[in-house]
Amino acid sequence: MALSITNNVASLTAQHNLNRTSNALAKSLERLSSGLKINRGADGPAALVISEQQRAQIAGLQTAVDNTSKAVSLVQTGEGALNEINALLVKVRGLALDSANSGVNDSNALAANQAEIKNALQSIDRIANTTQFGTKKLLDGTSAATAVLGTTGSTNISSVTAGSSTVAGTYEIAVSQQGQKAQLVGSNAFAAATNTATTSAGTAISGSATISSTLTQTGTYNVTVTQQGVKGNVTAGGAGATAAVAGSTANNLTVAGGALTGTVNVTIANGDTLGTTVTNIQTQLDANAAGAGHYVVSQSGGIITIKAAAFGAEASALTVTAATAFAAAASGFSNATPTAGTQGSAVQAQISGGNLSSPISVTGSGANGDTINVTAGISSIAQGLNFTAFSSGNSTAAVGATGSVTVTGNANLTLGTGSSAITLNLNAQNSNTIDNLVSALNANSTTTGVTASKNGGGTNLVLTANKFGGSNFAFSATGASSGVVSNQAFTLNSQDLQAKIYDAGGTQIGTTVTAAGSNGDVITATSSATVSFGNADGLSFKLAGLGTSSGVAGIQTAAVPAAGQYTASVALTDALVFQIGANQSQTAAVSIQKVTSDQIGKNVGGLTNSATDSLSKIDVTSSVGAQDSLAIIDKAINDITSLRGKLGAFQKNTLESTANNLRTTLENTVAAESVIRDTDFAAETANFTKNQVLIQAGTTVLANANATSQLVLSLLKG
């Protein structure tokens, strides 16, 4: 090697290697102090990219684990509330069973059970409406699945609900048999009904009662005599002579009192017969301005009687005085003291019952004073009711005598059978117009299951079943007022609504479903031991009534669609969506249907009273009602337990399993990220030690390299 001064290549080489070693030592120091193998992109560009992605994944996994834990807490909150509702339902079931024991319980016990059931149902509603996680309500329906009807036949469907087992997705429904309500149109035009009165057994009324006004309301009116009617009268104390003798023409009878004005003098002459005397007394009484037609004179067995023509009060009793012994002998009346008569009194009665809110008092009237007429001034309800008080001789029925008058219409219309049968008596109040008849029938529509209306012309009664399908409603009629004739044919016969349910791919799920519910318009996919509806289990479609017949809308449901077409489509979306993964769209969803008492225990078939269509309407105050209630309560318990099972499965199989998987994934991802980015202290310490030695060696070598130039001086000394 040549020696040179200008360029010391050996020194440059030592400097270069010393610089590299110094940089390596600095990097080792950085890695050892930071604990990271990669501190900047230059340390490993590809590794940095992978590491940062894994860091984001780790952060997402940690949040997903937290999210899942929160979701578990929410589900447990809802399930805990459902557990309390289930306990209340079990209690309600016990009360219904107790009420079903009708052979033991009286009405008070049944009413007490019903009151306790009502309180329990209120508690169920309170729990359903107030259970929340934070501010999110869980059981009031806001967390139920959201149904969005598709463009296909959306007008054919009234509503769609998801059951506790229904899985979100897209479903189609096709009607396989159109639902139809039974309908009957009166074969004759409506005629205004009238009222009739029937007198029942009793001692207070004579003959048949009548009504003289269309305002007389129907009902049984009870009559009680409160004041006996009496005709004012006076009767001779003995028999008069067959022919008067030995007297003068100045011998008189004097009649006074009663309704007479002043006194009436009757002359009895020699030779007058008893008949002549009776005629003369009658003539003179009729000649009196106040007595004309007021009194009737008669004799029986020689005894003369003067009596008022009508029952009624007299100002004072009649008196008859014979002026002489001759007159006394001829007439039978005393000449010593006046013969006093009996004071007259008007018959009075009290009428109660019917639709009267309180009894009314009436006084006899008419020519004989024994006719009871109820006028508007006395009562608007019984106005027009007329009857005659029973009478015998001078008096009517005694105080306390009773009788009754039953006012009914002239026709009847019966709807329904058994406990649901209602017989409407058509009368002048409820059936004087067809509109009134319709209103009267519809007041009982819930019990009979039949709604009344009139046809377009307004002359014929139309009866329509409330429910699609089932069987034609029962009816019978008497009289011509309603226009309905017994055993006439139905205008439309009932027909069950039937439909099939399909998945989004057009594959039928389960089997054909016959509509149920209180209106027979709900198609519900209910899985059983023999039929499975899979993801559609519990899905319900309520079909709209679309057809119109005889002026009644909604009498038919959607028609059977053409082959390959659907009646309606729906997309179900769960309301509660949980982010349980570290990445986009890694979610799980669940829905919780509304569990208030009017939303559980629905669509129970075979009930005696079809109007009891949910838990909120159960009534245990009768044996039949208690049996219906048991069926509905059992369905409600099944609804709640199914929902609890759904939430439990979601918690265990989705949330908790996902959380366990997330923790495992987090552990492995952290390990992988550590391999890429964390410092290996064992290897890096060895590198650090090596680089320290190299620095020391390099420094020494650099010093020696710089000293090589001094060797040139030794050559120059020679």
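This is a predicted model, so every value here is computed, not measured.

A look at the overall build of the chain
Logical step 1: Along the chain, the regular secondary structure elements total 10 helices and 37 strands.
Logical step 2: The C-alpha atoms of the chain give a radius of gyration of 54 Å, which is well past the 27 Å a tight globule of 718 residues would have.
Logical step 3: C-alpha extents for the chain along the principal axes are approximately 225 × 60 × 50 Å.
Logical step 4: Looking at the chain residue by residue over its 718 residues, the buried ones come to 41%.
Logical step 5: Contacts in the chain between residues at least 24 apart in sequence constitute 69% of all its contacts with a sequence separation of at least 6.
Logical step 6: Across the chain, the 31 positively charged side chains and the 34 negatively charged ones have centroids separated by 13 Å.

Some remarks on the nonpolar core
Logical step 1: Formed by 44 residues in total, the largest nonpolar core has its most connected members in I85, L89, L139, V595 and L615.
Logical step 2: Secondary structure elements with two or more residues in this core: helix 2 (45–100), helix 3 (107–130), strand 36 (576–579), strand 37 (587–590) and helix 8 (623–677).
Logical step 3: When residues of this core are assigned to their parent elements, the largest contribution, 13 residues, is made by helix 2.
Logical step 4: Discounting chain neighbours no more than four positions away, the residues touching V595 are L82, I85, I124, A128, L139, I600, I640 and L643.
Logical step 5: In this structure, Y295, I306, A308 and L318 belong to the second largest nonpolar core, which totals 26 residues.

Details of helix 9 (residues 681–707)
Logical step 1: The first and last C-alpha atoms of helix 9 sit 39 Å apart over 27 residues, in line with the 39 Å expected at 1.5 Å per residue.
Logical step 2: Turning to helix 9, its buried residues are E684, F688, N691, I695, G698, L702 and A705.

Digging into the environment of G506
Logical step 1: Relative to the elements of secondary structure, G506 occurs in the loop between strand 29 (498–503) and strand 30 (508–514).
Logical step 2: Overall, G506 belongs to the partly exposed group, its relative accessible area being 31%.
Logical step 3: Considering only alpha carbons, one finds G506 and G564, 58 residues apart in sequence, at a separation of 8.9 Å.

Quick look at the environment of F533
Logical step 1: Mapping F533 onto the fold places it in the loop between strand 31 (522–524) and strand 32 (540–543).
Logical step 2: C-alpha of F533 to C-alpha of S597: the two residues are 64 residues apart in sequence and 26 Å apart in space.
Logical step 3: When neighbours within four sequence positions are excluded, F533 is seen to be in contact with I509, G510, T511, V513, A525, T526 and S527.

Things to note about the side chain of S540
Logical step 1: Relative to the assigned elements, S540 resides in strand 32.
Logical step 2: A polar contact is formed between the side chain of S540 and the side chain of T524, at a distance of 2.8 Å.
Logical step 3: Here S540 is in contact with S159, V160, T161, V522, I523 and T524, once residues within four sequence places are set aside.

Quick word on the pattern of salt bridges
Logical step 1: Inspection of every chain in the model, using the stated rule, returns five salt bridges.
Logical step 2: In this structure, the salt-bridge partner of D634 is R93, at a minimum N-O distance of 2.5 Å. One end of the pair, D634, is in helix 8; the other, R93, is in helix 2, with 541 residues separating them in the sequence.
Logical step 3: Of the residues examined, D634 reaches a relative accessible area of 33% and is grouped as partly exposed.
Logical step 4: Overall, R93 belongs to the partly exposed group, its relative accessible area being 30%.
Logical step 5: Among the ionic pairs, K454 bridges to D435, the shortest N-O distance being 2.8 Å. Separated by 19 residues along the polypeptide, K454 in strand 26 (residues 450–454) and D435 in helix 6 (residues 434–442) bring together distant segments of the chain.
Logical step 6: Accessibility expressed as a relative area gives 34% for K454, which makes it partly exposed.

Some remarks on the packing of aromatic side chains
Logical step 1: Scanning the model with the defined rule gives four aromatic pairs in all.
Logical step 2: When the ring of F578 is compared with that of F650, the centres are 5.8 Å apart and the planes differ by 40°; the resulting orientation is tilted. Within this pair, whereas F578 is found in strand 36, its partner F650 is found in helix 8, the two being separated by 72 residues in sequence.
Logical step 3: On the accessibility criterion, F650 (7% relative accessible area) is buried.
Logical step 4: Across the ring face of F468, the terminal group of K181 is positioned such that the distance to the ring centre comes to 4.8 Å.
Logical step 5: The ring of F311 has K231 lying over it, and the distance from NZ or CZ to the ring centre is 5.0 Å.

Digging into the sheet that holds strand 32
Paired through backbone hydrogen bonds, the strands of a sheet run either parallel or antiparallel to each other.
Logical step 1: Taken in spatial order, the three strands make up an open sheet running 4-32-31, and their pairing is antiparallel. Unpaired on one side and paired on the other, strand 4 (157–161) and strand 31 mark the two borders of the sheet. On average, each strand axis in the sheet is inclined to that of its neighbour by 15°, with strand direction left out of account.
Logical step 2: Note that strand 31 and strand 32 share three bridges and pair antiparallel. Counted as the bridge partner of V522 is K542 from strand 32.

Digging into the sheet that holds strand 26
Logical step 1: The three strands are arranged 6-27-26 in an open sheet whose pairing can be described as antiparallel. Lying at the two open borders of the sheet, with one neighbouring strand each, are strand 6 (181–185) and strand 26. Direction aside, neighbouring strands of the sheet carry axes that sit 20° apart on average.
Logical step 2: As judged from the four bridges shared by strand 6 and strand 27 (residues 461–468), these two strands associate in the antiparallel manner.

Some points on the packing of helix 2 against helix 3
Logical step 1: The interhelical angle for the contact between helix 2 and helix 3, taken along N-to-C directions, is 165°, at an axis separation of 10 Å. By the angle between their axes, helix 2 is roughly antiparallel relative to helix 3. The handedness of the crossing between helix 2 and helix 3 is left-handed. Packed against helix 2, whose contacting residues are A81, E84, I85, L88, L89, K91, V92, L95, A96, D98 and S99, the element helix 3 presents L110, N113, E116, I117, A120, S123, I124 and I127 at the interface.
Logical step 2: Looking at side-chain class alone, the contact of helix 2 with helix 3 contains 12 nonpolar, three polar and four charged residues.

Quick notes on the rules
- Residues numbered from 1 in each chain as written.
- Predicted model: local features only at pLDDT ≥ 70, side-chain atom pairs only at ≥ 80, totals over all residues.
- Heavy atoms only, no water.
- Helix = DSSP H or I, 4+ residues; strand = E, 2+ residues; numbered from the N terminus.
- Rg over C-alpha atoms; globule rule 2.2 N^0.38 Å.
- Buried < 20%, exposed > 50% of the residue type's maximum accessible area, 1.4 Å probe, protein only.
- Contact = heavy atoms within 4.5 Å.
- Lys, Arg positive; Asp, Glu negative; His and termini not counted.
- Charge placed at Lys NZ, Arg CZ, Asp CG, Glu CD.
- Core = buried A, V, L, I, M, F, W, Y, C linked by side-chain atoms within 4.5 Å.
- Expected span 1.5 Å × (residues − 1).
- Polar contact = N/O pair within 3.5 Å; in protein donor to acceptor, adjacent residues only side chain to side chain.
- Salt bridge = Lys/Arg side-chain N within 4 Å of Asp/Glu carboxyl O.
- Phe/Tyr/Trp six-rings, centres within 6.5 Å; stacked < 30°, edge-to-face > 60°.
- Lys NZ or Arg CZ within 6 Å of the ring centre and 35° of its normal.
- Pairing = 2+ DSSP bridges.
- Axes fitted to C-alpha atoms, helices over the stretch in contact; angles between N-to-C directions.
- Parallel < 35°, antiparallel > 145°, perpendicular 65-115°, else oblique.
- Left-handed = near helix turned anticlockwise from the far one by under 90°.
- Nonpolar A, V, L, I, M, F, W, Y, C, P; charged D, E, K, R; others polar.

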